[in-house]
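Each chain is listed here by its residues.
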Amino acid sequence: MNGRPVERFNWKQTIKVNILTLKIVGLWPAGDGSYECNLYTLYEIVSLIFLQIAHIGAQTVQVILIMDDLQAVTGSVFVLLMEMLGILKSYCLIKNMGKLKHLMVILNSDLFQPKTLEQRSLVQPNLNAWKTLASTFWVFCGGWLIFWLLCPMMDKSYKEYRLPFLAWYPYNTQTSPQYEFTYLHQFVSINCISLVNVNIDTLIAGLNMYIGAQFDILCDDVRHLHDGSKDSLAEARQKLKKCVKHHREILKFAKYANNFYNWPVFLQIFVGGICIGLSLFQMTVVVPFSAEFYSFLTYSFGIIVQVFMYCWFGNEIEVKSSKLSYAAFESDWTNLSPEVKKILIIFTLNVQKPLKVSAFGLFYLSLETFMKVRFTIFFLVKQR
């Protein structure tokens, strides 16, 4: 293998902010296991019921009560749908917590480690791309939260006891201090739900980013399978066996990850299109360039970045996995023994079909899918 050895790389370090934030909202228990009967689990239950379910329930009741008011309903439903997705994502994360922790253990195993400085440089663009897209997503979500939560203050409607979100409560919110406490509850609740949505979405993208990075490492291992001046034929055979094992573990990792985010990704893309349409509709009825206008604008761009993040790293997996057969051909295979050549041929045949990640097999996470979503958004804007 060419290149100098490197110190052990901690893959979890890349998503440490995600893990820390999920711990704060009660969705990442300590250790390598799942939830247990302890105070942290109690904290998660209280947080889920009091901050998420109670907030969404109050909005749902209000939507039912104002069903005859189309503008008010469309102004509430698109946010309500995304909040409900947050509950679903929380459920999927809690349900699959044991598998996710196991994936983190696998990721930091010796087999998944970059072995040279060259391999470290190969995976760095993957990490940088994830950080850039995740930061962009954070910016748009943060912008939407600021504009939406401060709307009553910016247009001074707080004097009329207007809350950021239309919701029904079993008490009078038009008096003080009930109004202030309700405003605070909505503020904390929507921040909690937004943290759940953003961090789980970026975690899903991070898992796909890891898979793409592993294919980069595997391609480099296959490409440098045999160096006649340094490696013996026996060493080449052992390296090839490790490559086969590494490929098998990558596929297993991808399968577990895909099973975790099937439902969140499927509903996110489906509901996201509806929410963008409703958001664009609202932009036609609010005051141009007001706080509400900018909140709808940043919300729409946030969903577009979210879908792009899914599709970009899904596309990277497909492209990089398709390079394995070329990497085998680029290796110094002519000097290998007939036995090793036979194993290499079988390996090459097995990797001919690139790996594609999808949502229940209904659509693949690729740039082609993103383009279809983009054209749909363009059509909605044109109709507007």
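The shown structure was predicted, so the numbers you read here are calculated from the model rather than taken from an experiment.

## A short note on the overall build of the chain
Within the chain, the regular secondary structure consists of eleven helices and two strands. Going from the N terminus to the C terminus, the chain shows its helices and strands as α-α-α-α-α-α-α-α-α-α-β-β-α. The contacts of the chain with a sequence gap of at least 6 include a subset with a gap of at least 24, amounting to 79%. By element, 66% of the accessible surface of the chain is carried by carbon and sulfur atoms, the whole surface being about 18,500 Å².

## Digging into the packing of helix 3 (residues 70–95) against helix 6 (residues 178–223)
For the pair helix 3 and helix 6, interaxial distance at closest approach is 9 Å and the crossing angle is 60 degrees. Classed by the angle they form, the pair helix 3 and helix 6 counts as oblique. Note that helix 3 runs across helix 6; the crossing there is left-handed. Seen from helix 3, the contacting residues are Met-82, Glu-83, Leu-85, Gly-86, Lys-89, Ser-90 and Leu-93; seen from helix 6, they are Ile-190, Ile-193, Val-196, Asn-197, Ile-200, Asp-201 and Leu-203. Classifying every residue of the contact of helix 3 with helix 6 gives eight nonpolar, three polar and three charged.

## Digging into the nonpolar core
Trp-11, Leu-93 and Phe-260 are the most contacted members of the largest nonpolar core, which totals 92 residues. Here the element with the most residues in this core is helix 6; it accounts for 18 residues. Contact partners of Leu-93, with chain neighbours within four places excluded, come to Leu-22, Leu-27, Leu-100, Ile-200, Leu-203 and Phe-260. If you look at the next biggest cluster of nonpolar residues, it comprises seven residues, including Val-63, Ala-72, Val-73 and Leu-80.

## A look at the environment of Gln-174
Within the fold, Gln-174 resides in the loop between helix 5 (117–154) and helix 6. Setting aside anything within four residues of it in sequence, one finds Gln-174 in contact with Glu-160 and Tyr-161.

## A closer look at the packing of aromatic side chains
Summed over the entire model, instances satisfying the criterion amount to 17 aromatic pairs. Arranged with centres 4.8 Å apart and planes meeting at 90 degrees, the rings of Phe-9 and Trp-11 form a pair that is edge-to-face. Centre to centre, the rings of Trp-148 and Phe-165 are 5.7 Å apart; their planes meet at 35 degrees, and the pair counts as tilted. Remark: Phe-165 occurs in the loop between helix 5 and helix 6 and Trp-148 occurs in helix 5; sequence separation between them is 17 residues. One exposure class covers both Trp-148 and Phe-165, and it is buried. Through successive ring pairs, a cluster of aromatic residues spans Trp-263, Phe-266, Phe-360 and Phe-363. Of note, Lys-356 hangs over the ring of Tyr-364, and the distance from its end group to the ring centre comes to 5.0 Å.

## A short note on the UniProt feature "transmembrane region" (unreviewed entry) in the chain
Residues annotated by UniProt as "transmembrane region" (unreviewed entry) correspond here to residues 40–58, 70–88, 132–151, 260–281 and 293–313. As a span, residues 70–88 carries 100% helix and 0% strand, and end to end its C-alpha atoms are 26 Å apart. Regarding residues 132–151, the helix share stands at 100% and the strand share at 0%, and the terminal C-alpha atoms are separated by 29 Å.

## Quick word on helix 3
The terminal C-alpha atoms of helix 3, which comprises 26 residues, lie 37 Å apart, in line with the 38 Å expected from a rise of 1.5 Å per residue. Largest kink in helix 3: about 25 degrees, centred on Val-77.

## Digging into the pattern of salt bridges
Scanning all chains against the criterion turns up nine salt bridges. In this structure, the salt-bridge partner of Arg-8 is Asp-110, at a minimum N-O distance of 2.7 Å. Residue Arg-8 is located in the segment before helix 1 (16–24), and its partner Asp-110 is located in the loop between helix 4 (97–107) and helix 5; the two are separated by 102 residues in the primary sequence. Of the two residues examined, Arg-8 and Asp-110, each falls in the exposed class. Salt-bridge contacts for Glu-316 lead to Lys-320; the nearest nitrogen and oxygen are separated by 3.3 Å. Pair noted here: Glu-316 and Lys-320 are both in helix 8 (residues 291–321), with a separation of four residues, about one helical turn. Taking the relative accessible area as the measure of exposure, Lys-320 reaches 9% and is therefore buried. Members of the salt-bridge network, linked through shared partners, are Asp-216, Glu-316 and Lys-320.

## Description of the side chain of Ser-366
Relative to the elements of secondary structure, Ser-366 occurs in the loop between strand 2 (363–364) and helix 11 (367–383). Ignoring sequence-local partners within four residues, the contact set of Ser-366 consists of Cys-311, Asn-315 and Glu-318.

## Details of empty space enclosed by the protein
Tallying each qualifying case throughout the model produces one cavity of 30 Å³ or more. Taken as a whole, the largest cavity holds about 240 Å³ of empty space. In terms of lining residues, the largest cavity is bounded by 18 residues, among which Met-82, Cys-141, Trp-144, Asn-197 and Tyr-299 are the most central. Broken down by secondary-structure element, the contributors of at least two residues to the lining of the largest cavity are helix 3, helix 5, helix 6 and helix 8. Among the elements that take part in the lining of the largest cavity, helix 6 stands out by supplying six residues, more than any other. Grouping the constituent residues of the lining of the largest cavity by class yields eleven nonpolar, five polar and two charged.

Rules used in this analysis
Residue positions are counted from 1 within each chain, in the order its sequence is given. With pLDDT at 70 or above as the cut-off, local features in this predicted model cover only qualifying residues; side-chain atom pairs require 80 or more to be listed or tallied, and sums for whole chains, interfaces and linings still use all residues. Derived side-chain values reflect all non-hydrogen atoms in the structure, with water molecules and hydrogen atoms excluded from consideration. Numbering of helices and strands starts at the N terminus; helices are DSSP runs of H or I of at least 4 residues and strands are runs of E of at least 2. Between two residues, a contact is recorded if the distance between any of their heavy atoms is within 4.5 Å. Accessibility throughout is a Shrake-Rupley quantity obtained with a 1.4 Å probe, and a residue counts as covered only by protein chains that appear here. Working convention: axes come from line fits to C-alpha atoms, limited for helices to the stretch in contact. Angles between N-to-C directions cover 0 to 180 degrees. Angles are sorted into four bins: roughly parallel if under 35 degrees, roughly antiparallel if over 145, roughly perpendicular if 65 to 115, and oblique for all others. In this scheme, a crossing is called left-handed if the near helix is turned counterclockwise away from the far one by less than a right angle; it is called right-handed if the turn is clockwise. Each residue is assigned to one of three groups, with Ala, Val, Leu, Ile, Met, Phe, Trp, Tyr, Cys and Pro labelled nonpolar, Asp, Glu, Lys and Arg labelled charged, and all others, Gly among them, labelled polar. Residues belong to one nonpolar core when they are buried, are Ala, Val, Leu, Ile, Met, Phe, Trp, Tyr or Cys, and are joined through side-chain atoms within 4.5 Å. Working definition: with a 1.4 Å probe on protein chains only, accessible area under 20% of the residue-type maximum means buried, over 50% means exposed, and in between means partly exposed. Centres within 6.5 Å are what make two rings of Phe, Tyr or Trp a pair, Trp counting through its six-membered ring; a difference in plane orientation under 30 degrees is then read as stacked, over 60 as edge-to-face, and the rest as tilted. A positively charged side chain is recorded as over a ring if its NZ (Lys) or CZ (Arg) lies within 6 Å of the ring centre. The angle to the ring normal must also be within 35 degrees. UniProt positions are given in the numbering used here, feature names are shortened, and annotations may be inferred rather than shown by experiment. Helix span, expected: 1.5 Å multiplied by one less than the number of residues in the helix. Given a residue, its bend is the angle between the two axes fitted to the seven residues that end at it and to the seven that start from it. What makes a salt bridge here is a side-chain nitrogen of Lys or Arg within 4 Å of a carboxyl oxygen of Asp or Glu, nothing more. Note on definitions: the grid is 1 Å and covers protein atoms alone; a cavity is a set of points where a 1.4 Å probe fits but cannot get out; a pocket is an open set with protein on both sides within 12 Å along at least five of seven lines; lining residues have an atom within 4 Å of a point. Grid points are joined across faces, edges and corners, and a volume is the space filled by probe spheres set on the points.

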